Amino acid sequence: MLGFALAPNTDADAPFLVTKTLDTNDGSCDVNDCSLREAIVATNLNAGADTITLPALGVPYTLTIPGADEDLGATGDLDITDDLTINGAGSATTIIDACDSSGGPCSGSDRVFHVRLASGTVSISGVTI
């Protein structure tokens, strides 16, 4: 079992800014070190609607932490449990990929996103999935 705690964003109006394309989950999402996975885990811990800004960093955001049927976003797909807006820099330049298929068939990820809301809104724009 993975154990870590992320400090929630204390400024409800400030978006979470993803700063790297690597798929990491070290328990931190700050201005210097924040992956897409870390941002989503952090927004799940932050009550209310949140925004993630996903810039075009030159290569796809590729999910590389294998796992399936885990619902905390720590492995496999990116689990969304609260209202969330993800704003990419454009569908031609901001790409989220379930896995790196350059070496053959993809394995280890069950999907890209798993939206686990009984009610609420998830909006994703300016992104190719």
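In this text the structure is predicted, and so the values were computed from the model without any measurement.

**Notes on the sheet that holds strand S1 (residues 16-17)**
Here is step 1 of the chain: The sheet built from 4 strands is open, its strands ordered S1-S2-S5-S8 with parallel pairing. For this open sheet the edge positions go to S1 and strand S8 (122-125), each flanked by a neighbour on one side alone.
Here is step 2 of the chain: As defined by bridge partners, strand S5 (residues 84-88) adjoins S8 across 4 bridges and the pair is classed as parallel. Within the sheet, the bridge partner assigned to Asn87 lies in S8 and is Ser125.
Here is step 3 of the chain: Sitting on the sheet, helix H1 (residues 36-45) is in contact with S1, strand S2 (50-54) and S5, with an inclination near 170 degrees to S2.

**Side note on the environment of Glu70**
Here is step 1 of the chain: Relative to the assigned elements, Glu70 resides in the loop between strand S3 (61-62) and strand S4 (78-80).
Here is step 2 of the chain: Every residue in contact with Glu70, bar those within four places of it in the chain, is listed here: Thr75, Asp77 and Asp79.
Here is step 3 of the chain: A polar contact is formed between the side chain of Glu70 and the backbone nitrogen of Gly73, at a distance of 3.2 Å.
Here is step 4 of the chain: A distance of 3.1 Å separates the side chain of Glu70 from the backbone nitrogen of Ala74, its partner in a polar contact.

**Here's the deal with the pairing of S2**
On any regular strand, side chains alternate: one points to one face of the sheet, the next to the other face.
Here is step 1 of the chain: Here S2 shows a clear split, with Asp50, Ile52 and Leu54 buried on one side and none of Thr51 and Thr53 buried on the other.
Here is step 2 of the chain: For the handedness criterion, the β-α-β arrangement of S1, H1 and S2 is classed as right-handed.
Here is step 3 of the chain: In terms of strand pairing, S2 meets S5 through 5 bridges, oriented parallel. By the bridge assignment, Ile52 is partnered in S5 with Ile86.

Criteria and thresholds
- Residues numbered from 1 in each chain as written.
- Predicted model: local features only at pLDDT ≥ 70, side-chain atom pairs only at ≥ 80, totals over all residues.
- Heavy atoms only, no water.
- Pairing = 2+ DSSP bridges.
- Helix = DSSP H or I, 4+ residues; strand = E, 2+ residues; numbered from the N terminus.
- Contact = heavy atoms within 4.5 Å.
- Axes fitted to C-alpha atoms, helices over the stretch in contact; angles between N-to-C directions.
- Polar contact = N/O pair within 3.5 Å; in protein donor to acceptor, adjacent residues only side chain to side chain.
- Buried < 20%, exposed > 50% of the residue type's maximum accessible area, 1.4 Å probe, protein only.
- Right-handed = clockwise from strand over helix to strand, strands pointing away.

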